[in-house]
Amino acid sequence: MSATATAEQIASAARADAPPAIELAGVNKWFGALHVLRDVNLAVAPGERVVVCGPSGSGKSTMIRCINRLEIHQEGRIAVEGIELTDDVRALDAIRREVGMVFQSFNLFPHLTVLENCTLAPIWVRRTPKKEAEELAMELLARVKIPEQALKYPGQLSGGQQQRVAIARALCMRPKIMLFDEPTSALDPEMIKEVLDVMVELAGTGMTMMVVTHEMGFARQVADRVVFMDQGEVVEVGTPDQVFNAPKTDRLKLFLSQILRGH
Amino acid sequence: MSDTAIPSGPRKPPITAVGPIAWAKTNLFSGWLSTAVTLAMGYLLIKLALSFIDWAFVNAIWSVPSNAQGPQTQACRDLRGAGACWAVIGEKHRFMLFGTYPYEQHWRPALACVLFVVLYIISAIRSFWRWELALVWIGMLTAIGILMWGGVFGLSYVPQERWGGLPITLILATFGLAFAFPLSILVALGRRSSLPAIKVLCVLYVELIRGVPLISLLFMASVMFPLFLPEGMNIDKLLRAQIAIILFAGAYLAEVVRGGLQALPKGQYEAADAMGLSYWQKTGLIILPQALRMVIPPLVNTFIGFFKDTSLVLIIGIFDLLTAGKTAIVEPAWQGFGVEVYVFVGAIYLVFCYAMSKYSRGLEADLNRHRRR
Ligand SMILES: Nc1ncnc2c1ncn2[C@@H]1O[C@H](COP(=O)(O)OP(=O)(O)OP(=O)(O)O)[C@@H](O)[C@H]1O
Ligand SMILES: [Mg+2]
C-alpha cells in the first residue's frame, strides 16, 4: 500500500513539470447578481483525477461547466491543454474536441440508436470515416459492457445502461480530459455500482478526470486530490485522506458530518 | 375482497370481457339510458344514410338531353331537390377542374395535376428522403410550369390569367407549403437566436403577419404591392397571391415549430455543444429532428388549414377550384344546382386533406418508434 503511494507521488511529481491539463486562475462568475464562483484557483495535471464535492448550490456544476464553456465566466483565466478559453470560436472547438462530458441526466439523443449516439460526433466533428467510427464505438461499448445494446434506442435502456452509453459516447471522441457532473445522482442504488466500476476502470487508463460526486468510496479509491467547494469558493484541496480524515475548516467538517449522516 | 383465489399462472380473460358482443355491451348498452341513446342515435343515423342514398343514387339524374339551346335541365328541376342532378358535374367538370384554360388544351393542366400527385407520393416515401429529392422537386415543378405556360416545345402559350381550377389550388398549396415550411423553421430558430437584430426581426414578422387576416394580406398583395414597385415592373397576380400565402403560412408554422423547439430539454443542446458540434450540425442533427417530430400533429393541422385557405384567393379574382365551381353554376341552365357542385368540390378537398391526415398519423407513429420500449 505504501509502495504504491510512493510511486503515485513520484508520478505526480513528474506530472508537475508538464503544463496543466486544466487551469483556472482567479475565475469569477455571476448569475445576475448572484456570485457563484469566487476567485477560483485550481490546476489539474495531465493524468490527474480530481473529485469535487461540496453542498448543493456551492457552484460545483458551474465550475465544471465553465471548463468547456457551457457557462461563460466573467473574470479570470481558464485554459485547457494550454489553450485559453476566450470568445475565439476556433479555440473553443479545439477544446471541446479534447474534453468529454458526462451529465447527471445522461442527455443521450433519444431519436438516435446507441451506436448512432456514439458515432455522431466522431463523424461530424472529427470527420472520421463512418466504418472506423462504428468500430471504435463498438470497442468502447464493449468496454462499458453493453455492446449488445448498440442497435437499441436510449429509451429502451435502464438508467445505469444509459449513463454507460453516455460515457462511451464521450470517449468516442478520444478526449484527453473527461468531466463528470454527478454521474450517479440520478440512478437507483443498484445501478450506481455498474457506472462507478466503469469510471474506476477509466481512471486506470490514465485519463485526466474531473468528477463532481458525493460518492466518497469512489473518491478514496481513485482520486489523486479532492476539492471541497462551498458558496462558490474552493475551501480545501488535498488528498482524499487529508480532506476526509483531517478536515481543517469548520465548513468541511460540517459538510462531512452531514454526508455521513445522510449515508 | 376474497383471499381464496390462488394464483395459478396466466389465464384467459373471462369471455364477457372480449369480443364484439362484449364491446357493444359495455360501450353501447351498459344501462337503460345508454341503451336508449344508442337506439335513438342508431335510428337517426340510419334514417340520414337512407335519405342520402335516395338523394345521391336512387332518385339522381346522371345526364340530361341537350339541344341547340344548350342542356335541358327541366327533368332535374322537376325533382325539386328529391334527387341529385349529377348531370351538372358531367357537363361542367372540365370547367370546374381547369377553369378558363383553353378547352382543347385541358390535357396540360390535367397532366400537371397528375404530376403533382406523383410528386406527393414520391415525397411521402421515406426511403426517398435524400437530397436528390430536391432535384426531383425542381424537375417536376419545372415540368409543371412548362405544361401550364407553354410557349416552348410546340406548346401554345397560355397566359396565367386563363389558368384556373384544381391546378391553381395545387400550385398555391404546394409552393405555399414548400416555401413556408423552411421559412418557418428559419424564423423559429431566429426567434431563439442570441443575436438581438435577428430575434427582433423574426418576432416582428410573426406578430405583424399573425395580426392581420389573410384576406387583407391578399388584398394588399394584389392592390397595394404594385404601388411600391418601380414604374413598369409588374409581377403577375398569382405570384403576388402566392407570396402572401407563403408569408402568412410561414408565420403560423413558425409558431408551431417554435413550440417543438421549446419542448426540447436544455440537456440536448448542452450535450451537442459539449461534443463540439457546430450550430448548424447541432440544429440539423439533434434539435430539428426531435423538435419537428414532436409537432407533427399541429404541423399537419396547419398544413390542412392552409390547403383549404388557398380558396380565399377568389377575392382577388384568381380562379381556384372552389371559385371555378361557383362560376360553373352561374350559367342560367345550371343555376340552383349548387349542392351537387359543392359536394363534388368538397370531395376533392376531402381526398387531399384526408390523405395528408392519414399519412401524418402513419409518419408520426413511425418516427416516434424510439419512444416505445
Ligand atoms: N442558469 C442559472 N441561472 C441562474 N442561477 C443559476 C443558474 N445555474 C445555477 N445557478 C445558481 O448558481 C448556484 C450554483 O449552482 P451550481 O449548479 O453550480 O451548484 P452545484 O454545486 O452544482 O449544486 P448541486 O449539488 O445542487 O448540483 C446556485 O445557487 C444556483 O441556484
Ligand atoms: Mg450540480
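Details of the structure are given in the entry above.
The paragraphs below set out a description of the structure included in this document. Note that the structure is predicted; figures quoted are calculated from it, not measured.

What about the sheet that holds strand β7 (residues 177-181) of chain A?
Residues and elements named next belong to chain A.
Then, number 1: Spatially, β6-β7-β8-β3-β9-β10 is the arrangement adopted by the six strands of the open sheet, whose pairing is mixed. A strand with exactly one partner marks an edge of an open sheet, and here the two such strands are β6 (99-102) and β10 (233-238). For this sheet, the mean inter-axis angle between neighbouring strands, taken without regard to orientation, is 15°.
Then, number 2: With four bridges joining them, strand β3 (residues 49-53) and strand β8 (residues 208-212) adopt parallel strand pairing. When the sheet's bridge partners are listed, V52 is paired in β8 with V212.
Then, number 3: Packing of helix α7 (residues 189-204) onto the sheet brings it into contact with β3, β7 and β8, and relative to β8 it is tilted by some 150°.

Structural notes on the side chain of E255(B)
Residue and element names in this part refer to chain B.
Then, number 1: Along the chain, E255 turns up in helix α10 (residues 237-263).
Then, number 2: Classification of E255 by relative accessible area gives buried; the value is 17%.
Then, number 3: With residues up to four places along the chain from it excluded, the contact list for E255 reads R191, V206 and R210.

Describing the pairing of β10(A)
All names here are of chain A.
Then, number 1: As paired strands, strand β9 (residues 225-230) and β10 are joined by five bridges and run antiparallel to one another. Each bridged residue has a counterpart across the sheet, and for M229 the counterpart in β10 is V234.
Then, number 2: The hairpin formed by β9 and β10 contains two residues between the paired strands, and Q231 there has a positive phi angle of roughly 50°.

Description of a nonpolar patch on the surface
Then, number 1: Judged by side-chain polarity, I215(B), F219(B), M220(B), V223(B), M224(B), F225(B), L227(B), F228(B), L314(B) and I315(B) come together as a nonpolar surface patch covering roughly 890 Å² of accessible area.
Then, number 2: Residue position: F228(B) is located in helix α9 (residues 214-228).

Some words on the layout of surface pockets
Then, number 1: The computed volume of the largest pocket comes to approximately 2000 Å³.
Then, number 2: Lining the largest pocket are 40 residues, and of these S123(B), W129(B), F181(B), F303(B) and Y359(B) sit closest to its centre.
Then, number 3: Among the secondary structure elements, those contributing two or more residues to the lining of the largest pocket are α5 (107-124), α6 (132-149), α7 (166-191), α12 (279-294), α13 (296-309) and α15 (338-367) of chain B.
Then, number 4: Looking at side-chain class alone, the lining of the largest pocket contains 33 nonpolar, four polar and three charged residues.
Then, number 5: Estimated volume of the second largest pocket: approximately 1100 Å³.
Then, number 6: Secondary structure elements with two or more residues in the lining of the second largest pocket: α3 (89-98) of chain A together with α7, α11 (266-274) and α12 of chain B.
Then, number 7: If one sorts the elements of the lining of the second largest pocket by residue count, α12(B) sits on top with five residues.
Then, number 8: Partitioning the lining of the second largest pocket into residue classes produces 13 nonpolar, seven polar and twelve charged.

Considering the pairing of strand β1 (residues 22-31) of chain A
Residues and elements named next belong to chain A.
Then, number 1: Two elements, β1 and strand β2 (residues 34-44), share seven bridges in a ladder whose sense is antiparallel. Directly across from K29, in β2, lies its bridge partner L37.
Then, number 2: Once β1 ends, the chain turns through two residues before running back antiparallel as β2, passing G32 with a positive phi of about 65°.
Then, number 3: Summarising the sheet, β1 and strand β4 (residues 75-80) pair through five bridges and their orientation is antiparallel. Paired with N28 across the bridge in β4 is E75.

What about the interface of chain B and chain A?
Then, number 1: Taken together, the contacts link 21 residues of chain B with 24 residues of chain A.
Then, number 2: Here chain B is connected to chain A by one salt bridge.
Then, number 3: For R65(A), the salt bridge goes to E270(B), with nearest N and O atoms at 2.7 Å.
Then, number 4: Across the contact surface, chain B and chain A share seven residue pairs in polar contact (both at pLDDT 80 or more).
Then, number 5: Elements with a contribution of two residues or more to the side of chain B that touches chain A: α11 and α12 of chain B.
Then, number 6: Of the residues forming the side of chain B that touches chain A, the biggest block, eight residues, is contributed by α11(B).
Then, number 7: Across the side of chain B that touches chain A, the residue classes tally to eight nonpolar, six polar and seven charged.

Some remarks on the site of ligand 1
All names here are of chain A.
Then, number 1: Inspection of the region around ligand 1 gives F31, L34, V36, P55, S56, G57, S58, G59, K60, S61, T62 and E182 as its neighbouring residues.
Then, number 2: Between ligand 1 and K60 there is a distance of 2.9 Å, counted from an oxygen atom to a side-chain nitrogen or oxygen.
Then, number 3: A distance of 2.5 Å is found between an oxygen atom of ligand 1 and a side-chain nitrogen or oxygen belonging to T62.
Then, number 4: Burial of ligand 1 by the protein chains amounts to 60% of its free accessible area of 630 Å².
Then, number 5: Of all the secondary structure elements, the ones that give two or more residues to the shell around ligand 1 are β2 and α2 (60-67).
Then, number 6: Considering only residue class, the shell around ligand 1 consists of four nonpolar, six polar and two charged.

Points about unusual backbone geometry
Residue and element names in this part refer to chain A.
Then, number 1: Of note in the backbone geometry, N107 takes a positive phi value of approximately 55° without being a glycine.
Then, number 2: Classification of N107 by relative accessible area gives buried; the value is 9%.
Then, number 3: One non-glycine residue, Q231, adopts positive backbone phi at about 50°.
Then, number 4: Along the chain, Q231 turns up in the loop between β9 and β10.

Considering empty space enclosed by the protein
Then, number 1: Per the counting criterion, the structure on display carries two cavities of 30 Å³ or more.
Then, number 2: If you add up the space inside the largest cavity, you get close to 130 Å³.
Then, number 3: What lines the largest cavity is a set of 16 residues, among which G100(A), M101(A), R169(A), A170(A) and M275(B) lie closest to the centre.
Then, number 4: Breaking the lining of the largest cavity down by element, the ones donating at least two residues are β6 and α6 (159-171) of chain A together with α11 of chain B.
Then, number 5: Along the lines of polarity and charge, the residues of the lining of the largest cavity split into 13 nonpolar, one polar and two charged.
Then, number 6: One number sums up the size of the second largest cavity: a volume of about 50 Å³.
Then, number 7: Together, R143(A), V144(A), L171(A), V198(A), E201(A) and L202(A) line the second largest cavity.
Then, number 8: Top element by residues in the lining of the second largest cavity is α7(A). It accounts for three residues.
Then, number 9: Its residues assigned to classes, the lining of the second largest cavity comprises four nonpolar, no polar and two charged.

Calculation rules
Residues numbered from 1 in each chain as written. Chains lettered and ligands numbered in written order. Predicted model: local features only at pLDDT ≥ 70, side-chain atom pairs only at ≥ 80, totals over all residues. Heavy atoms only, no water. Pairing = 2+ DSSP bridges. Helix = DSSP H or I, 4+ residues; strand = E, 2+ residues; numbered from the N terminus. Axes fitted to C-alpha atoms, helices over the stretch in contact; angles between N-to-C directions. Contact = heavy atoms within 4.5 Å. Buried < 20%, exposed > 50% of the residue type's maximum accessible area, 1.4 Å probe, protein only. Patch = residues over 30% accessible without salt bridge, like charges linked within 9 Å, V, L, I, M, F, W, Y side chains within 5 Å. Areas by Shrake-Rupley, 256 points an atom, 1.4 Å probe, with all protein chains shown as cover. Salt bridge = Lys/Arg side-chain N within 4 Å of Asp/Glu carboxyl O. 1 Å grid on protein atoms, 1.4 Å probe; cavity = no way out; pocket = protein on both sides within 12 Å on 5 of 7 lines; lining within 4 Å. Points joined across faces, edges and corners; volume = space filled by probe spheres on them. Nonpolar A, V, L, I, M, F, W, Y, C, P; charged D, E, K, R; others polar. Polar contact = N/O pair within 3.5 Å; in protein donor to acceptor, adjacent residues only side chain to side chain. Near = heavy atom within 4 Å.

Just geometry here; none of it tells us what the structure is for.
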